[in-house]
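Report on the structure
The primary structure of each chain is shown beneath.
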Amino acid sequence: MTAVQEKPDRLISGPGMLLVWFYGVMVVGAVSRSAYEIAAHFERAPLSYTLSAAAGVVYGFITYSLVRGGETARTAARLCCAAELAGVLIVGTWTLVQPSAFPEPTVWSDYGFGYVFIPVLLPVSALYWLRTSRTATPAAPSTP
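Quantities reported herein were computed from a predicted structural model and do not represent experimental measurements. (Residues numbered from 1 in each chain as written. Predicted model: local features only at pLDDT ≥ 70, side-chain atom pairs only at ≥ 80, totals over all residues. Heavy atoms only, no water.)

**Some details on the confidence of the model for the protein**
On average, residues of the protein score 87 in pLDDT, and 83% of them reach the 70 mark or higher. Between residues 136-140, whose pLDDT stays under 50, and residues either more than four places distant or in other chains, the model counts zero contacts. (pLDDT = per-residue confidence, 0-100. Contact = heavy atoms within 4.5 Å.)

**Section: the environment of Phe 102**
Tracing the chain through its elements places Phe 102 in the loop between helix H3 (71-97) and helix H4 (118-132). Relative accessible area serves as the criterion here: at 8%, Phe 102 is assigned to the buried category. It is 7.2 Å that separates the C-alpha atoms of Phe 102 and Leu 47, two residues lying 55 residues apart in sequence. Aside from chain neighbours lying at most four places away, what touches Phe 102 is Leu 47, Ser 48, Leu 51, Trp 94 and Thr 95. (Helix = DSSP H or I, 4+ residues; strand = E, 2+ residues; numbered from the N terminus. Buried < 20%, exposed > 50% of the residue type's maximum accessible area, 1.4 Å probe, protein only.)

**Quick look at the side chain of Glu 37**
Secondary-structure assignment places Glu 37 in helix H1 (residues 15-41). Every residue in contact with Glu 37, bar those within four places of it in the chain, is listed here: Phe 42 and Tyr 49.

**Some remarks on the packing of aromatic side chains**
Using the criterion set out here, one finds four aromatic pairs in the structure. Where Tyr 23 meets Tyr 59, the ring centres are 5.9 Å apart and the plane angle is 50°; that geometry is what we call tilted. Of this pair, Tyr 23 sits in helix H1 while Tyr 59 sits in helix H2 (residues 46-68), and the two are 36 residues apart along the sequence. Tyr 59 carries the same exposure label as Tyr 23, and that label is buried. Relative to Phe 117, the ring of Phe 113 has its centre 5.7 Å away and its plane inclined at 70°; by these criteria the two rings are edge-to-face. (Phe/Tyr/Trp six-rings, centres within 6.5 Å; stacked < 30°, edge-to-face > 60°.)

**Regarding the state of the cysteines**
Tallied over the full model, the rule gives zero disulfides. There is no disulfide at Cys 80, and the cysteine sulfur nearest it, in Cys 81, is 7.2 Å away. (Disulfide = S-S within 2.5 Å.)

The structure is reproduced here in structure tokens:
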């Protein structure tokens, strides 16, 4: 007799599907952009291009976590979204304070200005949704 495994709670219902779509677009944009820039002219702005590649990896992991579902994936997505938000805020501020360090923009430059500020809005939206969409776990039946 085999044990029946429960499917993890879905994280992509309702607004979660929109988040997956946006993160998927950002994966394609950041990874393709950084792959081209690294291959074509890495020496021009290695820090910028490396940060864009890192952003693409973070977006990919968040997308995967949202699609996977379950509490472990929810926790991983929350941690990655918090790290993403920290990265956007740090890099965004850095690009404003010391623009000479970034001869070419990154995905997170100027808080995502080149991407219509989606890089700063997306993790805030995802963190909010991950927090509010948590389903209440049913109480365990008590035995008399």
